[in-house]
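Reading the structure
Spelled out from the first residue to the last, the chains are:
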Amino acid sequence: MTTIISGTNRPDNYTISIASLFSEMLTGLGVQNQVLDLRALPKDFAFNDLYDSKSPTFESIIRQYITEADKFIFIAPEYNGSIPGVLKTFIDGIPPKYWTDKKALLIGLSDGHAGNMRGLEHLTGILHYLKVHVHYNKTKLSYIGKSFDRNALQADDRTDQQLRRQAQYAAAY
C-alpha cells in the first residue's frame, strides 16, 4: 500500500488537491493508494500524542497510514523555506521503527520558482535519519497558484507532465 501524505493542515490548500490528482494517477497505473490529509489529525496531537501515550484516533491514523504502508509519497508545500511544522511534528510523533526500510518519493510545491527544493532536502535528511529509502527524483512544482486549478484538479501541461513522470516512478519503485 502506498500512502500519499498531504503535508499541511492549512485550510484551503493546494497540497490536498495535488494529492488527490496524484492518487487518481496512481490508481490509473494500478497502484493501490490512500491519501492522508494532515487536516484530519487531532487538533491537540502535538501536545497529547507525541511521546508516551497516544490517543485512539492518532493510533488509528498511524496504523492505517503508516504501519500498513510500504511506500510514501510526501507532498510538501514550502513554508518559510522548508516543510510545514505540522508535517515535521507528525513524523516526530511516530515511532522510528514504523518508518525503517520503507520507501518514499517527494513532491514539493511553492508559489515561487524553486518548488520547495530546500524543503525537500530538509525532508530527505529527516527521512534518511529514519532509515527511509528516498527516491532520487524529487518533483518540484513551481508557481503552483498559476500552474494548477485546484477546483478542477487540473494542471498546466508542464506540471501535469512532472506529476505523471513521478507517478511512473512511484509505480515502478
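Here's what I pulled together on the structure shown here. (Residues numbered from 1 in each chain as written. Predicted model: local features only at pLDDT ≥ 70, side-chain atom pairs only at ≥ 80, totals over all residues. Heavy atoms only, no water.)

1. Here we look at the overall build of the protein chain
Of the regular secondary structure elements, the protein chain holds 7 helices and 7 strands. Taken from the N to the C terminus, the helices and strands of the protein chain come in the order β-α-β-α-α-β-α-β-α-β-α-β-β-α. For the protein chain, the spread of C-alpha atoms along the three principal axes comes to 45 × 30 × 30 Å. The buried share of the protein chain, reckoned over its 173 residues, is 53%. Intrachain contacts of the protein chain at a sequence separation of at least 6 include 78% that bridge at least 24 residues. (Helix = DSSP H or I, 4+ residues; strand = E, 2+ residues; numbered from the N terminus. Buried < 20%, exposed > 50% of the residue type's maximum accessible area, 1.4 Å probe, protein only. Contact = heavy atoms within 4.5 Å.)

2. Notes on the pairing of strand β4 (residues 103-109)
The side chains of a regular strand alternate, first on one face of the sheet and then on the other. Counting buried positions along β4 yields 6 of 7 residues, so the element is predominantly enclosed. Pairing between strand β3 (residues 71-77) and β4: 7 bridges, direction parallel. Paired with Phe72 across the strands is Ala104, a residue of β4. In this fold, the crossover linking β3 to β4 by way of helix α4 (residues 85-92) has right-handed handedness. The sheet contact formed by β4 and strand β5 (residues 133-141) spans 6 bridges and is parallel. Each residue of the ladder has a partner; that of Ala104, found in β5, is Val134. The parallel pair β4 and β5, bridged by helix α5 (residues 117-129), forms a crossover whose chirality is right-handed. (Pairing = 2+ DSSP bridges. Right-handed = clockwise from strand over helix to strand, strands pointing away.)

3. With respect to the sheet that holds β4
If you trace the 5 strands from one edge of the open sheet to the other, you get β2-β1-β3-β4-β5, paired in parallel fashion. If you trace the sheet from one side to the other, it starts and ends with β2 (33-37) and β5, each paired once. Neighbour to neighbour, the strand axes of the sheet diverge by 20° on average, direction disregarded. For strand β1 (residues 2-6) and β3, the ladder comprises 5 bridges, and the chain directions are parallel. Looking at the pairing, Thr2 lines up with Lys71 of β3. Against the sheet, helix α7 (residues 157-172) touches β3, β4 and β5, its axis set at about 170° to β5. (Axes fitted to C-alpha atoms, helices over the stretch in contact; angles between N-to-C directions.)

4. Here we look at the pattern of salt bridges
Any two side chains of opposite charge can pair, on the condition that their charged atoms come close. One pass over the structure, following the stated rule, counts 4 salt bridges. Residues Arg39 and Asp37 are paired through a salt bridge, measuring 2.7 Å at the closest nitrogen-oxygen approach. On the basis of relative accessibility, which here comes to 17%, the residue Asp37 falls in the buried class. Between Asp92 and Lys88 there is a salt bridge; the shortest N-O distance is 2.7 Å. Of this pair, Asp92 and Lys88 both sit in helix α4, 4 residues apart, which is roughly one turn of the helix. A residue is classified by how much of its surface remains accessible, and Asp92, at 41% relative accessible area, is partly exposed. Owing to a relative accessible area of 32%, Lys88 belongs among the partly exposed residues under this scheme. (Salt bridge = Lys/Arg side-chain N within 4 Å of Asp/Glu carboxyl O.)

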